[in-house]
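Residue-level structural notes
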Amino acid sequence: MKYALISDIHANVEALTATLSDIDAQGVDRIHCLGDVIGYGADPSACLELVQERCDIKLLGNHEYTALGRQSTDLFNEAARLSAEWTVGQLSERDLEIMGAFELDRAIDQAYLVHASPYRPDSWHYIFTTDEAHLAFKHLKKKLCFFGHSHLPLILSQDADGNPRSRVGHSFEPDPDQTYLVNIGAVGQPRDNDARASYVVFDDDAYEIAFHRVEYDIEKAQSKMTAAHLPEVLVSRIAVGR
Ligand code: ZN
């Protein structure tokens, strides 16, 4: 089976539609979404509708968790808080219903899917380094975990003796003797100095992982954010991918 995995769309419908078109050209069997469909961008409802229509497994991100009132916006920085407040004002009953059905985590055949970390998924830990990956590896019950949250394509691996290694996200064939945490990067707000949308295709028969980048109409997404009076720092960052 071939799975496309997407995460951190952040209400960027231009990035999402371009990514879905690219995915359609890959001939995948299923699309799974690892959360943060909303927040930061100008089109939360349109993105929720598309994810609902196109994705099989749909996971909660911290932005959905906050919009559903399960945690306070106090945990956000100022720009994130302002955009979260704007987002809540845009959401319909149907949007809340769609997000309300999102799951915290899910295991598929050969992989575990989560937004932030296998260690306490609803605590939204960030994993950037092998040190930060320690607890995640400890709590991971599969050889492979796909996650998002930091918006940085990243591969953290651990050998049978527990020795960790970290690499920038790239296409590879996992070694069946190693355990992997694979950050698939962000569709709607990449932060690895590459403004293109990021997603991953996992072929569990060939046991291959492929990273993909997709160009989209960034200026259009920015002009809608500006018209919605979303914070300038959020508007400018999507053009530079930071
Ligand atoms: Zn995010």
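So, here's what we can say about the structure. (Residues numbered from 1 in each chain as written. Predicted model: local features only at pLDDT ≥ 70, side-chain atom pairs only at ≥ 80, totals over all residues. Heavy atoms only, no water.)

**A few points about the side chain of aspartate 95**
This is how the line gets drawn: A helix here means a DSSP run of H or I that spans at least four residues, while a strand means a run of E at least two residues long, and both kinds are numbered starting from the N terminus. Under the scheme applied here, a residue whose accessible area is under 20% of the maximum for its type counts as buried, over 50% as exposed, and between as partly exposed, the area being computed with a 1.4 Å probe on protein chains only. Lys and Arg are tallied as positive, Asp and Glu as negative. Neither His nor the chain termini are counted. The salt bridge definition used is simple: a Lys or Arg side-chain nitrogen within 4 Å of an Asp or Glu carboxyl oxygen. Pairs of N or O atoms within 3.5 Å make up the polar contacts considered here, provided that, within protein, one atom can donate a hydrogen while the other can accept it, and that residues adjacent in sequence are counted only when both atoms are side-chain atoms. Should any heavy atoms of two residues lie within 4.5 Å, those residues are considered in contact.
Relative to the helices and strands, aspartate 95 resides in helix α5 (residues 93-100). Although aspartate 95 lies buried, it forms no salt bridge, and the closest oppositely charged side chain, arginine 94, sits 5.9 Å away as judged by the N-O distance. A polar contact of 2.9 Å, which involves the side chain of aspartate 95, links it to the backbone nitrogen of serine 92. Look past the residues within four positions of aspartate 95 in its chain and what remains in contact with it is Ser45, Leu48 and Gln90.

**Things to note about the layout of surface pockets**
Selection rule: Method remark: on a 1 Å grid restricted to protein atoms, a set of points is classed as a cavity if a 1.4 Å probe fits but cannot get out and as a pocket if it is open with protein on both sides within 12 Å along at least five of seven lines; lining residues have an atom within 4 Å of a point. Grid points are joined across faces, edges and corners, and a volume is the space filled by probe spheres set on the points. Gly is put with the polar residues, along with every residue not named as nonpolar or charged; the nonpolar set is Ala, Val, Leu, Ile, Met, Phe, Trp, Tyr, Cys and Pro, and the charged set is Asp, Glu, Lys and Arg.
In this model, the largest pocket occupies a volume close to 290 Å³. Along the walls of the largest pocket sit 21 residues, with Tyr40, Asn62, Leu75, Phe76 and Tyr126 positioned nearest its centre. Contributions of two or more residues to the lining of the largest pocket are made by α3 (62-67), α4 (78-90) and α8 (232-240). Sorting elements by how many residues they give to the lining of the largest pocket places α8 first, with three residues. For the lining of the largest pocket, the per-class residue count stands at nine nonpolar, eight polar and four charged.

**Examining the pairing of strand β10 (residues 208-214)**
As a general feature of sheets, a regular strand has side chains that alternate between the two faces. Note the threshold: Pairing between strands requires that DSSP locate at least two bridges from one strand to the other.
When strand β9 (residues 197-203) meets β10, the two strands line up antiparallel, connected through seven bridges. Note on β10: the bridge partner recorded for phenylalanine 202 is isoleucine 209. Here β9 hands over to β10 after four residues, with tyrosine 207 in that stretch at a positive phi of 55°.

**Overview of α5**
Rules: An arc is given here, and it is the one of the directions from the helix axis to the C-beta atoms.
Listed as buried for α5 are Asp95, Ile98 and Met99. When α5 is viewed along its axis, its buried side chains cluster within an angular range of 95° and face the same direction. Away from its buried face by more than 90 degrees, α5 exposes Glu93 and Glu97. In this structure, the buried residues of α5 make contact with α2 (44-54), α3 and α4.

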